Amino acid sequence: MFKFKKLFLNVLSIGIFSAGSSATAQDNLILLGTKGGPSLYSSKSLPQSSALVINKDVYVIDAGYGASYRLLEAKVPLKNIKAIFITHLHSDHILDYPALLMNSWLSSLDHEIKVYGPKGTKEMTDNLLKAYNVDIKLRYEDEGREPLSNFLKVYEFDEGDVYKDENVTVTAKRVPHKPFKMGEAFAFKFDTAKQQKIVFSGDTNYYPPFAKFAQHADILVHEVAHADGIDRLAKRMGYGPSFRDAVIAHHITPQDVGKTATNAKVKQLVLSHIVPVGDPDLTDDVWKKDVGAFYQGEITVGKDGMIIPLK
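Described in the following lines is the structure provided in the data block.

What counts and what doesn't
Just so you know, the residues in each chain are numbered from 1, in the order the chain's sequence is written. It should be noted that, the model being predicted, local features are given only for residues of pLDDT at least 70 and side-chain atom pairs only at 80 or more, the latter also being counted only at that level, while totals for whole chains, interfaces and linings use all residues. For the side-chain quantities, the full set of heavy atoms in the structure was used; hydrogens and water were omitted. Two rings from Phe, Tyr or Trp (for Trp, the six-membered ring) form a pair when their centres are within 6.5 Å of each other. A pair whose planes differ by under 30 degrees is stacked, one over 60 is edge-to-face, and the rest are tilted. Note on conventions: DSSP H or I runs of at least 4 residues are helices, E runs of at least 2 residues are strands, and numbering of each starts at the N terminus. Relative accessible area decides the class of each residue, using a 1.4 Å probe on protein chains only: under 20% of the type maximum gives buried, over 50% gives exposed, and in between gives partly exposed. Two strands pair under a simple rule: DSSP has to find at least two bridges between them. The convention used is that axes are lines fitted to C-alpha atoms, helices contributing only their stretch in contact, and that angles between N-to-C directions extend from 0 to 180 degrees. Here a residue-residue contact requires only that any non-hydrogen atoms of the pair lie within 4.5 Å. Like charges within 9 Å and nonpolar side chains (Val, Leu, Ile, Met, Phe, Trp, Tyr) within 5 Å are joined into patches, using only residues over 30% in relative accessible area that form no salt bridge. Under the convention used here, a 1.4 Å probe and the Shrake-Rupley method define accessible areas, while residue burial counts only the protein chains that appear. A carboxyl oxygen of Asp or Glu within 4 Å of a side-chain nitrogen of Lys or Arg is what we treat as a salt bridge.

Remark: the centre distance and the inter-plane angle together describe each pair of aromatic rings, the angle taken between the planes. Overall, the coordinates contain 12 aromatic pairs when judged by the stated rule. Aromatic pair F85 and Y163: ring centres 5.7 Å apart, planes at 80°, arrangement edge-to-face. Of this pair, F85 sits in strand β6 (residues 81-85) while Y163 sits in strand β9 (residues 160-164), and the two are 78 residues apart along the sequence. Take Y163: its relative accessible area is 7%, and that puts it in the buried class.

Right under this line is the structure:
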């Protein structure tokens, strides 16, 4: 059995889950996937997905490929998923959505999972149920299970309060993320019953109103894209300048992330949805230096498997 590993970044202890660790012992933020973009090159960094575990209830924020597997690595039971929040419908944020639904259903799920996403989420879910209909029907006819649809409730929302229970209140904020129209991509804010505030930027450009939304967050999980790294990525993949320009236009630079965190007065900034990952020139020190030129608070460069305790 592997021992529980810890990284000490500044004054905060951050765990990387292992086969013997569990993320359900206390309230945690878990970075399931920290890679930006849908392409797959290594299992070390999978597309964007995060989870909050509060009183053993699991709130999944985006469902990039591998989210189910990462939760199992963290010893988080899939049957504990209480709600799923989708920032937008790019594939790197939703490819594991059907797996989360099917795997939780087949893992002794005994309650309704509430799903919150932008316009199109209901249609996507209906089509997924149709795609897996043969398996679903056989299992409730042959095994006596209730149909998966009995365990799902899907809500499409706009800006404002979207969810509340005994653990959290969740608020959504429109953010700009081309080529989506305004109102098709969102950030989320989780205000916990223990007076913690955790904010997820989703994919966004630099957007000053977002800083007001994230004011005094205990943790801000923010996407980031490095122009020089994207340029090198485009060349390695054989893509032209239009690819580079599009990716940069759709996302936010380290410098602007730093400005956002400073204007929002956040306590800790966690970088995720990192574009690109795996570039040897983009070390953690480089990310911290570029962001830190505009933000003097605590910076964590996200890695798949990080478990960040909620204080």
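Below, the discussion takes up the sheet that holds strand β14 (residues 268-275). One open sheet holds the 7 strands; their spatial order is β9-β10-β11-β12-β13-β14-β15, and the pairing between them is mixed. Both edges of this open sheet fall to β9 and β15 (298-301), since each of them pairs with a single strand only. Mean inter-strand twist for the sheet, computed between neighbouring axes without regard to direction, equals 25°. By the bridge criterion, 3 bridges tie strand β12 (residues 197-200) to strand β13 (residues 219-225) in an arrangement that is parallel. Bridge pairing in β13 places F200 opposite V221. Helix α9 (residues 284-292) contacts β13, β14 and β15 of the sheet and is inclined by roughly 140° relative to β15.

Attention shifts here to a nonpolar patch on the surface. Residues L40, Y65 and L95 make up a contiguous nonpolar surface patch of roughly 300 Å² in combined accessible area. Checked against the element boundaries, Y65 lands in the loop between β5 (57-63) and α1 (67-73). Of the residues examined, Y65 reaches a relative accessible area of 43% and is grouped as partly exposed.

So, on to the pattern of salt bridges. Under the criterion given, the structure shown has 20 salt bridges. One salt bridge in this structure joins E143 and R139, with 2.9 Å as the shortest N-O distance. Classification of E143 by relative accessible area gives partly exposed; the value is 40%. A salt bridge links R232 to D279; its shortest N-O distance comes to 2.8 Å. Residue R232 is found in helix α6 (residues 227-237), and its partner D279 is found in the loop between β14 and α9; the two are separated by 47 residues along the sequence. Accessibility expressed as a relative area gives 5% for D279, which makes it buried.

What follows deals with the environment of Y155. Here Y155 is to be found in strand β8 (residues 152-156). In the structure, Y155 is positioned 35 residues away from F190 in sequence and 17 Å away in space, judged by C-alpha atoms. When neighbours within four sequence positions are excluded, Y155 is seen to be in contact with K114, V115, Y116, G117 and K122.

Interpretation note: all reported values are geometric properties and have no functional meaning in isolation.
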